[in-house]
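# A look at the structure
Next come the chains, spelled out residue by residue.
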Amino acid sequence: MSSHAVEDLGPTIKEEFRVLRAQGLEQLARSGDVRVARRLLRAHLPELVSGRAQVLFDSLLNRLMGLVIQRLSRAPAEVKSRFYSLDLRRQLRERMPFGAPAFQPSPDRRLIAGGVAGAATLVGGAIVAACFAADGTVRTGLGVATLVASAAAYGVGYWAGRTWSERALERDVARYVREVEARVVAWLHDVEGWFEDAVRAFTAERRCGGSSSGSES
């Protein structure tokens, strides 16, 4: 039995993951805050992947079962009953579950940009204080001003990186969906291969048992 059912599902698979990518980007746009979006996507994107994978699993099994039922259309009722009793769908769910990988976005550049700007200001302020302060009182005053300037610089750097962070997260979502689509397709091929092996074993058992009357067309 060679059905090429996964290839036949190709357009459906592409559409499922196109919708998934759109949902991820919609989550980013709706959250209004990259930090919130990162947290939500980490929590929910793998769940969405698992849901899509199960939809595709059911579509594949329906197609495969339909092909087998068609082949057994002229087989005796006893043979059909034995095949249904195998409950291949349940076996596959238990033997070959799909686990969606975690979504790991790239580091938030806003934290890096803010940290660099703040650190630069802090170091610069420390140098100025060391060079121009002659006593502890003046040095302390300059130190406080330096800390305030450093915090302000961190804020400016942080928000300057916002657009970059949003675009980076969009790329992360696209990359994740692309990689997980390939993983789901490979899993579906494994499911199809296991199903076909089970059907071949069932057919061989029938022939060895002398129950070949009304064999599949």
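### Things to note about unusual backbone geometry
Peptide bonds are mostly trans, and most non-glycine residues show a negative phi. The phi angle at Asp87 is positive, at roughly 50 degrees, despite the residue not being glycine. With respect to the helices and strands, Asp87 occurs in the loop between helix H4 (77-85) and helix H5 (88-95).

### Focus: the nonpolar core
One recurring pattern in soluble globular proteins: nonpolar side chains tend to sit buried together. Residues Trp187 and Phe195 are the most contacted members of the largest nonpolar core, which totals 42 residues. If you list the elements that add at least two residues to this core, you get helix H1 (5-8), helix H2 (10-31), helix H3 (34-71), H4, H5 and helix H8 (162-208).

### Details of the confidence of the model for the chain
Of all residues in the chain, 69% have pLDDT values of 70 or greater, and the mean over the chain is 78. Under a pLDDT of 50 for its full length, residues 136-160 has, in the predicted model, 31 contacts with residues more than four places off or in other chains. In this model, residues 211-217 is a region of pLDDT below 50 whose contacts with residues beyond four sequence positions or in other chains number 19 contacts.

### Topic: the packing of aromatic side chains
All chains considered together, the criterion is met by 5 aromatic pairs. By way of ring pairs, the aromatic residues Phe57, Phe98 and Trp187 are connected into one cluster.

Cut-offs used in this document
- Residues numbered from 1 in each chain as written.
- Predicted model: local features only at pLDDT ≥ 70, side-chain atom pairs only at ≥ 80, totals over all residues.
- Heavy atoms only, no water.
- Helix = DSSP H or I, 4+ residues; strand = E, 2+ residues; numbered from the N terminus.
- Core = buried A, V, L, I, M, F, W, Y, C linked by side-chain atoms within 4.5 Å.
- Buried < 20%, exposed > 50% of the residue type's maximum accessible area, 1.4 Å probe, protein only.
- pLDDT = per-residue confidence, 0-100.
- Contact = heavy atoms within 4.5 Å.
- Phe/Tyr/Trp six-rings, centres within 6.5 Å; stacked < 30°, edge-to-face > 60°.

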